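Okay, here's what each chain looks like letter by letter:
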Amino acid sequence: MRVFVVNAGSTSVKLRMIEDDDRVSAAVDLDATGTALPDELDRFLTEFGPADATGHRVVHGGPLTRPTVVDDGVRRVLDEVANLAPLHDPPALAAIDALRSLRPGVPAVACFDTAFHTTIGPEAATYALPVAWTERWGLRRYGFHGLSCEWATGRASALLGRAVDELRLVICHLGGGASVTAVAGGRSVDTTMGFTPTEGLVMATRPGDVDPGAIAWIVGHGVSPEELADALERRSGLLALSGGRTGDMRSLLEGRSAGDPQASLAVAVYVHRLKAKIASMFAATDGADALVFTAGVGERATELRAEVCRRLDWLGVAIDEQVNSSVDTDDVDVSRRQSSVRTLVVHAREELVVAAACRALLGDDHRPL
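Residues numbered from 1 in each chain as written. Predicted model: local features only at pLDDT ≥ 70, side-chain atom pairs only at ≥ 80, totals over all residues. Heavy atoms only, no water.

### Digging into the sheet that holds strand β10 (residues 290-294)
The strand order β9-β8-β7-β10-β12-β11 describes an open sheet built from six strands, whose pairing is mixed. Looking at which strands have only one partner, the edges of the open sheet turn out to be β9 (187-191) and β11 (332-333). Each of β10 and β12 (342-345) is contacted by helix α13 (residues 302-310), which is oriented at about 155° to β10, the strand it contacts most. (Pairing = 2+ DSSP bridges. Helix = DSSP H or I, 4+ residues; strand = E, 2+ residues; numbered from the N terminus. Contact = heavy atoms within 4.5 Å. Axes fitted to C-alpha atoms, helices over the stretch in contact; angles between N-to-C directions.)

### What about the packing of helix α10 (residues 249-257) against α13?
Interhelical geometry of α10 versus α13 gives an angle of 75° and a closest axis separation of 10 Å. Taken together, α10 and α13 sit at an angle that is classed as roughly perpendicular. Across from M249, L253 and R256 in α10, the residues of α13 making contact are E303, L304 and E307. Split into classes, the residues belonging to the contact of α10 with α13 amount to three nonpolar, no polar and three charged. (Parallel < 35°, antiparallel > 145°, perpendicular 65-115°, else oblique. Nonpolar A, V, L, I, M, F, W, Y, C, P; charged D, E, K, R; others polar.)

### A short note on the layout of surface pockets
As a volume, the largest pocket reaches approximately 1400 Å³. Those elements that provide at least two residues to the lining of the largest pocket are α2 (72-81), α5 (131-137), α7 (212-220) and α8 (225-234). In terms of residue count, α8 provides more of the lining of the largest pocket than any other element does, six residues in total. For the lining of the largest pocket, the per-class residue count stands at 22 nonpolar, five polar and five charged. (1 Å grid on protein atoms, 1.4 Å probe; cavity = no way out; pocket = protein on both sides within 12 Å on 5 of 7 lines; lining within 4 Å. Points joined across faces, edges and corners; volume = space filled by probe spheres on them.)

### Digging into the sheet that holds strand β2 (residues 12-18)
Pairing in this open sheet of six strands is mixed, and the strands run β3-β2-β1-β4-β6-β5 from one edge to the other. At either end of the open sheet lies a strand with only one pairing partner, and these are β3 (24-31) and β5 (68-69). By the bridge criterion, five bridges tie strand β1 (residues 3-8) to strand β4 (residues 53-58) in an arrangement that is parallel. Bridge pairing links N7 to R57 in β4.

### A closer look at the pattern of salt bridges
Working definition: two side chains of opposite charge can pair if their charged atoms are close together. Across all of its chains, the model carries 26 salt bridges by this definition. One salt bridge connects D29 with R16, and the closest N-O pair in it is separated by 2.9 Å. On the criterion of sequence distance, the pair formed by D29 in strand β3 and R16 in strand β2 is long-range, its members being 13 residues apart. Exposure remark for R16: the relative accessible area of 15% places this residue in the buried category. Here R162 and E166 are joined by a salt bridge, their closest N and O atoms 3.0 Å apart. Classification of E166 as partly exposed rests on a relative accessible area of 44%. Through salt bridges that share partners, R162, E166, R168 and D289 make up one connected network. (Salt bridge = Lys/Arg side-chain N within 4 Å of Asp/Glu carboxyl O. Buried < 20%, exposed > 50% of the residue type's maximum accessible area, 1.4 Å probe, protein only.)

### Describing α13
The complete set of buried residues in α13 reads L304, R305, A306, E307, V308 and C309. The inward-facing, buried residues of α13 contact α10, α11 (261-284), β10, α12 (295-300), α14 (321-325) and β12.

Structure follows, in structure tokens:
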């Protein structure tokens, strides 16, 4: 089955054509804020050929917990939860709508980041809020970056030469959005993101954890819910810490090296929050066999990765600085030989998880009408 995968992130829309053997035969990255998405999708398929199915990464699935062919009913459900992931779901749904119109005979399959985290127990998923609220609005911790975690789990098993069901992993997905997830026996047991992808770590434009009392105080002083939501999604995080200049970690690390105090503070806050969250996920799995770094910052920011690992030596984390600094395109174990916790760098391949889900759902012999 040839699958056209659309991965809508907070800053880009990644288009990939996945062949039967999981080879990526075509790849195009688009600006997530672009307005000509239908034209770009049509151009991609015209240039690189037809697909048997389209697979879509959808960050928030709400009540939907497994890969699903999108029909009108599913589309309505996704619309109801789109505002819970406003940087991700709208471009994903725009792509789904465009392709359902452009290629009506080709099934569109939605694959949800939240699905991987349905195994989280009630002790980790439940907010200590009035029951009337949690029951009425479904307030709970959903967790995100599930497709990335699923891929990283499989790759960690391969790199370590151990079965998934015997591994305890702490997976750091560090990109424009960022989260840490505890995985035991291939199942998510806890994660830092919650009801929306805003909770947890400091991110490019999102603040992560904020005292809810501070949020209530801000609203009480005249900030509208709309302005608050915009600030939390688009004007906070590293961008805010840098004085509004950049939310890009590479630029901030360069600024720190040049002596920029705001860049130094931004990196320091990021690292402080990250090491604390990693430690909490070690607690969730009662220790870990491996710490996994993935996604853009996790894969490429060697200096940051080394800094975080040095601050986790008390957990048994120890990396080989030379191996760590030479990571290229391969997935690799960067640990010191004697380290009791292995440290892995895994390149995110969410598109392959989506393609596999399409094949499993539709069957390898499926062909479009």
